[in-house]
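Examining the three-dimensional arrangement
One-letter residues, chain by chain:
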2 protein chains.
Amino acid sequence: MVVTLKDIAIRAGVHVSTVSRVLRGKETQQVSPQTRKLILSIAEELSYTPNLLARAFRLKKTHTIALLIPDISNAFFARIARSIEIQSYNAGYTLVVCNTDEEQAKENQYLNSLKSRSIDGFIIAPVQDSKQQIIDLINNKIPFVLIDRRFDDLETNAVISDNEKASFYATEYLSRYQHKRIGFICGRKRLYTIKKRLVGFQKAVKQFQLDDNPEMIVGDGFTIEDGFRATQKLMALEHPPTAIISSGNVLTIGIMKAIHERDLSIPRDISLVGFTDSFCVPYWNPPLTTISHPLHQMGHEAFELLLKHLQAKETLAPRQITIKTKFHERHSVDQPKIYN
Amino acid sequence: MVVTLKDIAIRAGVHVSTVSRVLRGKETQQVSPQTRKLILSIAEELSYTPNLLARAFRLKKTHTIALLIPDISNAFFARIARSIEIQSYNAGYTLVVCNTDEEQAKENQYLNSLKSRSIDGFIIAPVQDSKQQIIDLINNKIPFVLIDRRFDDLETNAVISDNEKASFYATEYLSRYQHKRIGFICGRKRLYTIKKRLVGFQKAVKQFQLDDNPEMIVGDGFTIEDGFRATQKLMALEHPPTAIISSGNVLTIGIMKAIHERDLSIPRDISLVGFTDSFCVPYWNPPLTTISHPLHQMGHEAFELLLKHLQAKETLAPRQITIKTKFHERHSVDQPKIYN
DNA sequence: TTGAAAGCGCTACCAG
DNA sequence: CTGGTAGCGCTTTCAA
C-alpha cells in the first residue's frame, strides 16, 4: 500500500497537520525536535513519498511546464527541447512536450487541455495562424515564453534569433561570389522567422543590386516536397537563379533532390546556403554552407526566463532576448558558371 | 474566474452531483432530459472546462503516460517519441518525455518522481545498468512497455527489433564483397540491442569463416568520441579491418571522422555499414549503407500495447513484439583493395 | 508547539 | 431521477 501522511501520523501518535509541517513546512515552522525526529524516522522507515498529485491539486501548482513545438523529430526543435529538459530536470520541473504540426487547431487544443491540468508555465514556438491563444494566455496571467518566433505587435517574453541579419549576411555572402540571381525558398510564410529572413534577403537584394524579380521568392511550407516543388519552380524560370537560400532544415533535402534530378551539381552548377541545424550537415554530399542557431543557448535562456516568472511574487515585465546565429562556410558555394 | 461544477449547480438550481452526472456520467445514468439540457446550456454559457487535476486526483488516473528514452535529440528516439505522441494525442493522453542520458540514476529518479505523480503507464527504453526499477514496476503492477531493449530474463511487455538477424545479415553482406576482416564497433555493451548485434556478428564470423580476432570488436559507448577512438584502435591493429560495422547513429560520425583523418576514403579504402536511422543519411558523403528501424511502427506497437493494458480490467499477460529492420544498399561498401 | 477543521473540485455511493 | 454525504491526500488557518 501507498503510505500517506495519515499513516505516519497514526504511528507517531500525532496529527496529520503536524506531520505535514515537519515534512513540508518552511524552516521557520516551530516543531519540537523530538516530534520532528520521530516523524522523520517513521517517514524514512515507511519510505514515504508524498503524493504529488494531491499536493498539486491543493496548491494549484503542478511543477510542470509544457513545451509546444511543431515537431520533436525535427532536429531544430529536438535540440531546443533537450536543452530545456535538462534544465527543467535540474530545477525539479516535469516537462511535457507537445507537437503542433504547425496546426493552429492542435496548438489550441493542447493549450486548453494543458491549462485545465494546471500547467505552471509554457514555452511555445507558436504556429502563428492566429494570436488569439497567446492573447488569452496573457489575459489569464499564465507565465509563458515564446521561442524562435514572436508576434511583432505583441509584447511578450520571447527568445528569438537574429533571422534578418543572418539572411542579409547569407545573401551578401553569395553576392560576394558574384551571384546576381539568388532564389529564396521560404518555409511557411506566415512565420515570424520566415518573414524576418525574407526582409533580410530583400534588403540585401536592394543594397547589392541583385535581381529583384519577385519570382525569385518561392515556397510556403517546410516539407521535403515543398522544397522540391519550390526548386522546380525556380529552375523553370526563364532566368533561373545561380544560387539558392533555403530557410529550412528538411526543406533543404527537397531542394537538393530537385537539383540532383536535373543532373545539376552543387556548387558547380548552383550554389546553396541553408538555415539548417542538423548535426550531420557537415557529412552531407556536398557539405552544406549553413546558418545555424545556438539551440542550446536558446532553450537555456527561454527556460531561465520562464523560471524567473514562475518564481516571481508579482507579474514581471516581458523581455525579449535575441540570440546570434552562426555562419558556417563549407563547400556548397562557388562562383556562378552556367546561366550567367 | 474559473468555473466549477458548483457554479453550474447554483445557476441551475440543482446539486453538484447532478451536474457531474450530466457532464461526466456514463450514458446509462438516468437524468431527466430537461435538467440535462439546462445544465448543458449553462455549462456552455459559462464555458466550463473540467479541472483535470481535480479529476485525476479523485480518480487516481491522470490520463498521462511517460516515455523514458536516453536522448530525445537522437533521431532514433525522436522518431519513436513522435510516433507515440501522435497516438497518445489521438487517444486523449498527455505524454511526458524524459531523457535518461543512459544514466541509471536519472532513470530511477524519473521513475520515482513520475510514480508519485500517478502516471498511468510507461514506455521505456531502459538504461539496463540495473533491472531493479523494472522489477519494482512489475511488483507495483504499473503498466509499462519496454521499447528497443528488453531483459532476456524478465517477462515484460516489449517492442524490439531483430538486431541479431540484422547484424548477421550485414556481416554476411560484407563477406559477399570478399571482406574477411570486419571490425565491429559496439555501442554500450551492456545494452540488449548491442549484445544481440554482437551475437549476430559473431555467428556470421563463424559461419562465413571470417577473421575471428577478438580485437576486431571494439568500443563501449555511443558518442562521436567513442566512435572516433574505437576506429583509431581498429586502424592501429597490425591487420586492420577492411570493413566496419557501426552500431550507432552518432557513433558513425566519429567513425567517419577517424577514417577521413587517416586520409582513407569510403568505400575505396574501407567499407562501412551502420545501424543508423537519421533521415539525412542518403545525403551523407558518401551515402551510407545502413540498417534502419521502422521507428514509427515500433512506437505505434508500443503505444497500442500499453493502451491495451491501461484499458484492461484485469492484468494481461506480457507480450513481446519483434519488428523487422530494413537493409538499405547505398555506396559505402566495395570490395577490399588495400590491406588485402 | 500542536490539534482541529476546512476545503481544493471532483466522483461515487446510498437513500429517498 | 435527484440530493446528500463522504472522501481522495494534502496544506493552511485558527485556536488552544
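Here the structure is a predicted model, which is why all the values come from computation and not from measurement. (Residues numbered from 1 in each chain as written. Chains lettered and ligands numbered in written order. Predicted model: local features only at pLDDT ≥ 70, side-chain atom pairs only at ≥ 80, totals over all residues. Heavy atoms only, no water.)

**Focus on the nonpolar core**
- Grouped together as the largest cluster of nonpolar side chains are 54 residues, with contacts concentrated most on Ile65, Ile84 and Ile123 of chain A together with Ile65, Ile84, Ile123 and Ile147 of chain B.
- With residues up to four places along the chain from it excluded, the contact list for Ile84 of chain A reads Ile65, Leu67, Leu95, Ile123, Ile147, Gly299 and Phe303 of chain A.
- If you look at the next biggest cluster of nonpolar residues, it comprises 44 residues, including Val218 and Met235 of chain A together with Leu234 and Cys280 of chain B. (Core = buried A, V, L, I, M, F, W, Y, C linked by side-chain atoms within 4.5 Å. Buried < 20%, exposed > 50% of the residue type's maximum accessible area, 1.4 Å probe, protein only. Contact = heavy atoms within 4.5 Å.)

**Looking at the interface of chain B and chain A**
- With 45 residues of chain B in contact, the opposing surface of chain A contributes 45 residues.
- Summing both partners gives a buried area of about 4200 Å² for chain B against chain A, and 61% of it is carried by carbon and sulfur.
- Applying the counting rule to chain B against chain A returns four salt bridges.
- Elements with a minimum of two residues in the side of chain B that touches chain A: α4 (52–59), α5 (75–90), β2 (94–99), α6 (104–115) and α11 (249–261) of chain B.
- Looking at the side of chain B that touches chain A element by element, the count peaks at six residues for β2 of chain B.
- Residues that form the side of chain B that touches chain A fall into these classes: 23 nonpolar, 14 polar and eight charged. (Buried area = accessible area lost by both parts, 1.4 Å probe. Salt bridge = Lys/Arg side-chain N within 4 Å of Asp/Glu carboxyl O. Helix = DSSP H or I, 4+ residues; strand = E, 2+ residues; numbered from the N terminus. Nonpolar A, V, L, I, M, F, W, Y, C, P; charged D, E, K, R; others polar.)

**Comments concerning the relation of the copies chain B and chain A**
- Once turned by 180° and shifted 0.1 Å along the axis, chain B lies on chain A with an RMSD of 0.1 Å. The relationship between the two copies is best expressed as a two-fold rotation axis. No C-alpha of chain B lies nearer the rotation axis than that of Trp284 of chain B, which sits 1.9 Å from it.
- Same-surface contact between copies: 100% of interface residues of chain B are shared with the interface of chain A. (Least-squares fit on C-alpha atoms with pLDDT ≥ 70 in both.)

**A closer look at the sheet that holds strand β8 (residues 243–246) of chain B**
All names here are of chain B.
- Spatially, six strands are ordered β7-β6-β8-β9-β10-β12 in an open sheet, and the strand pairing comes out mixed. Bordering the open sheet on either side are β7 (217–218) and β12 (326–328), each of which pairs with just one other strand.
- The pairing of β8 with strand β9 (residues 271–275) spans four bridges and is classified as parallel. Paired with Ser246 across the strands is Gly274, a residue of β9.
- Packing of helix α9 (residues 192–207) onto the sheet brings it into contact with β6 (182–185), β7, β8 and β9, and relative to β6 it is tilted by some 170°.
- Of the strands in this sheet, β6, β7 and β8 are in contact with helix α10 (residues 224–235), which crosses β6 at around 155°. (Pairing = 2+ DSSP bridges. Axes fitted to C-alpha atoms, helices over the stretch in contact; angles between N-to-C directions.)

**Brief notes about the domain arrangement of chain A**
- The domain architecture assigned to chain A consists of domain 1 (5–50), domain 2 (59–161 + 295–323) and domain 3 (163–293).
- The gap between the C-alpha centroids of domain 1 of chain A and domain 2 of chain A is 37 Å. (Domains from an automatic or database assignment.)

**Comments concerning the packing of aromatic side chains**
- In total, this model carries 19 aromatic pairs over all chains according to the counting rule given.
- Aromatic side chains Phe168 of chain B and Phe208 of chain B sit 5.6 Å apart centroid to centroid with 50° between the ring planes, which places their arrangement in the tilted category. One end of the pair, Phe168 of chain B, is in helix α8 (residues 163–176); the other, Phe208 of chain B, is in the loop between α9 and β7, with 40 residues separating them in the sequence.
- In this structure, Lys106 of chain A is placed above the aromatic ring of Tyr89 of chain B, and the distance from its NZ or CZ to the ring centre is 4.7 Å. (Phe/Tyr/Trp six-rings, centres within 6.5 Å; stacked < 30°, edge-to-face > 60°. Lys NZ or Arg CZ within 6 Å of the ring centre and 35° of its normal.)

**With respect to the protein's contact with DNA strand C**
- Contacts to DNA strand C come from 26 residues, most closely from Thr18 and Gln30 of chain A together with Leu5, Tyr48 and Arg58 of chain B.
- Counting only atoms of DNA strand C within 4 Å of the protein, the fraction found in sugar and phosphate groups is 60%.
- One of the backbone N or O atoms of Leu5 of chain B is found 2.7 Å from a phosphate oxygen in DNA strand C.
- Between DNA strand C and Arg55 of chain B there is a distance of 3.4 Å, counted from a phosphate oxygen to a side-chain nitrogen or oxygen.
- Put simply, the parts of the chain that give the surface near DNA strand C at least two residues each are α2 (16–24) and α4 (52–59) of chain A together with α2 (16–24) and α4 of chain B.
- With five residues, the single largest contributor to the surface near DNA strand C is α4 of chain B. (Near = heavy atom within 4 Å. Polar contact = N/O pair within 3.5 Å; in protein donor to acceptor, adjacent residues only side chain to side chain.)

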